[in-house]
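Spelled out, the chains give:
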Amino acid sequence: MIQLLLIAVSLALDAMAVSVSVGIANPRAALKQGLRMGLWFGAFQFGMPLLGFLLGRTLSVYVEAVAPFVAFALLAFVGGRMVLDSLQNKDCQLPEAAGDLTARRLFALAVATSIDALAVGVSAAFMALPLLLSCTVIGVTAFLLSLLGTLVGKKLGCVFQRWAQVFGGCVLILIGLKFLIERLFF
């Protein structure tokens, strides 16, 4: 369960970082925007690992021997990308679509922040995590951290946004490494 919570928080940190950015950009509407973003991000963070999990289950019969390597590679890639993205965004620029939060822009942000969850869903299939519990924990965590992100964004600013992504990326890499080591040596 701790591993699942760590995965959920790591995945939600991308959504939270976007929410922090929006909270910084428009502090007066933080609660309203936080609720909207939380609903969108939570729904996509629930659905994408579900899709990835089902895809991973379908493929697991064919790739069972390499499953530890696939799970590690996906988690390491996602985590590494999160770390690199956060370190490259030194000016804390808002995502292009973060300005006016129309349904179309919320959709784009939700897809962008949940692509990682699709890859983790594939990995979760190989790690035999419970499907509905995993998706629910990931979705609820994304909702809560997105809402929290907009509420604290105006106070904590850029530094929090960058280091949250670095931390989340490192956690995903370590979980992938743990899974690989467990499958190879124990």
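Residues numbered from 1 in each chain as written. Predicted model: local features only at pLDDT ≥ 70, side-chain atom pairs only at ≥ 80, totals over all residues. Heavy atoms only, no water.

### Some remarks on the nonpolar core
Nonpolar side chains tend to gather and get buried jointly when the protein is soluble and globular.
No. 1: Counting 30 residues, the largest nonpolar core has I7, L11, L13, L75, M127 and L172 as its most contacted members.
No. 2: Residue contributions to this core peak at nine residues, all from helix α5 (residues 131–185).
No. 3: Filtering out sequence-adjacent residues up to four positions away, M127 remains in contact with Q3, I7, L75, F179 and R183.
No. 4: Among the nonpolar cores identified, the runner-up in size contains nine residues, and M37, L101, L109 and A110 belong to it. (Core = buried A, V, L, I, M, F, W, Y, C linked by side-chain atoms within 4.5 Å. Buried < 20%, exposed > 50% of the residue type's maximum accessible area, 1.4 Å probe, protein only. Helix = DSSP H or I, 4+ residues; strand = E, 2+ residues; numbered from the N terminus. Contact = heavy atoms within 4.5 Å.)

### Here we look at empty space enclosed by the protein
No. 1: Applying the stated criterion to the full structure yields one cavity of 30 Å³ or more.
No. 2: By volume, the largest cavity is sized at about 50 Å³.
No. 3: In terms of lining, the largest cavity is formed by L4, I7, P49, F53, V120, G121, A124, L129, S134 and I138.
No. 4: Looking at the lining of the largest cavity, the elements that each hand over two or more residues are α1 (2–25), α2 (30–63), α4 (103–126) and α5.
No. 5: Among the elements that take part in the lining of the largest cavity, α4 stands out by supplying three residues, more than any other.
No. 6: Residue classes in the lining of the largest cavity are distributed as eight nonpolar, two polar and no charged. (1 Å grid on protein atoms, 1.4 Å probe; cavity = no way out; pocket = protein on both sides within 12 Å on 5 of 7 lines; lining within 4 Å. Points joined across faces, edges and corners; volume = space filled by probe spheres on them. Nonpolar A, V, L, I, M, F, W, Y, C, P; charged D, E, K, R; others polar.)

### Remarks on the confidence of the model for the chain
No. 1: Residues of the chain with pLDDT of at least 70 account for 85%, and the chain-wide mean is 80.
No. 2: α2 holds the highest mean pLDDT among the elements of the chain, 87, whereas helix α3 (residues 67–88) holds the lowest, 78. (pLDDT = per-residue confidence, 0-100.)

### Looking at the packing of aromatic side chains
No. 1: Enumeration over the complete set of coordinates arrives at two aromatic pairs.
No. 2: For the pair W40 and F44, a centre-to-centre distance of 6.3 Å together with 15° between the ring planes defines the contact as stacked. Remark: F44 and W40 occur in helix α2; sequence separation between them is four residues, near one turn of the helix.
No. 3: Under the relative-accessibility criterion, W40 is labelled partly exposed at 27%.
No. 4: Where F44 meets F107, the ring centres are 5.5 Å apart and the plane angle is 75°; that geometry is what we call edge-to-face. Within this pair, whereas F44 is found in helix α2, its partner F107 is found in helix α4, the two being separated by 63 residues in sequence.
No. 5: Taken together, the aromatic side chains of W40, F44 and F107 make up a single cluster linked through ring pairs. (Phe/Tyr/Trp six-rings, centres within 6.5 Å; stacked < 30°, edge-to-face > 60°.)

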